[in-house]
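# Topology and contacts: notes
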Amino acid sequence: MEPANYTRVTEFVLTGLSQTREVQLVLFVIFLSFYLFILPGNVLIICTIRLDPHLTSPMYFLLANLAFLDIWYSSITAPKMLVDFFVERKRISFGGCIAQLFFLHFVGASEMFLLTVMAFDRYAAICRPLHYATIMNRRLCCILVALSWLGGFIHSIIQVVLIVRLPFCGPNELDSYFCDITQVVRIACANTFPEELVMIFSSGLISVVCFIALLMSYAFLLAMLRKHSGSGDSTSRAMSTCYSHITIVVFMFGPSIYIYARPFDSFSLDKVVSVFHTVIFPLLNPIIYTLRNKEVKTAMRKLVNRYILCREVKDK
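Residues numbered from 1 in each chain as written. Predicted model: local features only at pLDDT ≥ 70, side-chain atom pairs only at ≥ 80, totals over all residues. Heavy atoms only, no water.

### Re the overall build of the protein chain
Along the backbone of the protein chain there are 10 helices and three strands. What you see in the protein chain, going N to C, is helices and strands ordered as β-α-α-β-α-α-α-β-α-α-α-α-α. Here the C-alpha radius of gyration of the protein chain, 22 Å, is about what a compact globule of 316 residues would show, namely 20 Å. For the protein chain, with 316 residues in total, the buried portion stands at 49%. Sequence-distant contacts, at least 24 apart, represent 80% of the contacts inside the protein chain between residues at least 6 apart. Taken as a whole, the protein chain presents about 15600 Å² of accessible surface, with 68% of it coming from carbon and sulfur. Of note, the protein chain has its 27 positive side-chain charges centred 11 Å away from the centre of its 20 negative side-chain charges. (Helix = DSSP H or I, 4+ residues; strand = E, 2+ residues; numbered from the N terminus. Rg over C-alpha atoms; globule rule 2.2 N^0.38 Å. Buried < 20%, exposed > 50% of the residue type's maximum accessible area, 1.4 Å probe, protein only. Contact = heavy atoms within 4.5 Å. Areas by Shrake-Rupley, 256 points an atom, 1.4 Å probe, with all protein chains shown as cover. Lys, Arg positive; Asp, Glu negative; His and termini not counted. Charge placed at Lys NZ, Arg CZ, Asp CG, Glu CD.)

### What to know about the sheet that holds strand β2 (residues 90–93)
Strand order in the open sheet formed by three strands is β2-β1-β3, and the pairing between neighbours is mixed. Edge strands, defined here as strands with exactly one partner in the open sheet, are β2 and β3 (173–174). Each of β1 (11–14), β2 and β3 touches helix α3 (residues 94–127); the most contacted strand, β2, lies at about 85° to it. (Pairing = 2+ DSSP bridges. Axes fitted to C-alpha atoms, helices over the stretch in contact; angles between N-to-C directions.)

### Quick notes on the packing of helix α5 (residues 138–164) against helix α7 (residues 193–227)
It is at 10 Å that the axes of α5 and α7 come closest, and there the two elements cross at 160°. In terms of their interaxial angle, α5 and α7 are classed as roughly antiparallel. α7 is crossed by α5, and the crossing has left-handed handedness. Counted together, His155, Ile158, Gln159, Leu162 and Ile163 of α5 and Glu195, Val198, Met199, Ser202, Ser203 and Ile206 of α7 form the full contact between these two elements. Among the residues making up the contact of α5 with α7, the classes are represented as six nonpolar, four polar and one charged. (Parallel < 35°, antiparallel > 145°, perpendicular 65-115°, else oblique. Left-handed = near helix turned anticlockwise from the far one by under 90°. Nonpolar A, V, L, I, M, F, W, Y, C, P; charged D, E, K, R; others polar.)

### As for the pattern of salt bridges
Applying the stated criterion across every chain, the model contains seven salt bridges. Here arginine 91 makes a salt bridge to glutamate 11, at a shortest N to O gap of 2.7 Å. Of the two residues, arginine 91 is situated in strand β2 and glutamate 11 in strand β1; the sequence distance between them amounts to 80 residues. Taking the relative accessible area as the measure of exposure, arginine 91 reaches 40% and is therefore partly exposed. What makes glutamate 11 partly exposed here is its relative accessible area of 24%. Where lysine 271 meets aspartate 175, a salt bridge forms, and the shortest distance between an N and an O atom there is 3.1 Å. Here aspartate 175 lies in the loop between β3 and α6 (181–184) and lysine 271 lies in helix α9 (residues 270–291), a separation of 96 residues in the sequence. (Salt bridge = Lys/Arg side-chain N within 4 Å of Asp/Glu carboxyl O.)

### Details of the packing of aromatic side chains
In total, this model carries 20 aromatic pairs according to the counting rule given. Ring plane angle 35° and centroid distance 5.9 Å describe the contact between phenylalanine 12 and phenylalanine 94, whose orientation is recorded as tilted. In this pair, phenylalanine 12 sits in strand β1 while phenylalanine 94 sits in helix α3, placing the two residues 82 residues apart along the sequence. Like phenylalanine 94, phenylalanine 12 is buried. (Phe/Tyr/Trp six-rings, centres within 6.5 Å; stacked < 30°, edge-to-face > 60°.)

### Here's the deal with the side chain of glutamate 195
In this structure, glutamate 195 sits in helix α7. In this structure, glutamate 195 is in contact with Leu162, Arg165 and Leu166, ignoring residues within four places of it in sequence.

### Remarks on the nonpolar core
Phe12, Ile163, Phe168 and Phe253 are the most contacted members of the largest nonpolar core, which has 91 residues in total. At 17 residues, the largest contribution of residues to this core is made by α3. Leaving out residues up to four positions away in the same chain, phenylalanine 12 has contacts with Lys90, Arg91, Ile92, Phe94, Cys97, Phe168, Asn172, Leu174, Val184 and Ile187. (Core = buried A, V, L, I, M, F, W, Y, C linked by side-chain atoms within 4.5 Å.)

Quick look at the structure:
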């Protein structure tokens, strides 16, 4: 039950990652380096796929959308975290907290659903190669991407509605560097067991089910590819792509399951896992997909060389 009289919390105080000045400066340099790699790395992936006429398959269309989501996802928490390293008292307004929470779950869930779509794309390419172009046409790809975004939006709205209904009368300190449901729910002035149950079902169970389904689907695809391991370079490229997708799935869903598929109690590893989930994970997309994909690496070299050549001609 909501208390009859209470003073509404208008802002939250974040404890951050560390209270030691030297540690904060080291973390600032590390995370700024990560962020400055994530942005141009994913932008380069998008530009390469958009500008190279050889990268027109549905897989690259979905990869470009994944890179766009990674840019957005990393920008939800990283900029404020970097600024807060130089602020004595780290604050965020109630509205800003809800906005951060909304976009975090909106983009994060959309990315999960998009990874599921990418698994379906690999299934169609490997198991129905003759009908692949017909099955994964551009219209269907756009519909599947839109549905991923819609699913993420619905998921996020559920979290926000549950949070804004709760009374907050103090304390207002969040033991984190950003706002998330696991932190905000703990300081509500009410019994939050029903809300936690819904959130665990909405975030945790979805993560577990999608994770298991994706691992099983990729295991099936790899088993099929190994049966045709003597078919040549195309099979090895398909296996390499599957391994890349599996790596992304593990790094995406592992921390998500740890954070949301359990009671929202505080544990010592929470901040470490959250940093990996919100800051480091988006870095993996450009690294994994560029290092394991020859077509993307070749196209990137051509794009960079073309840009350098144009600059040299312009300077002359």
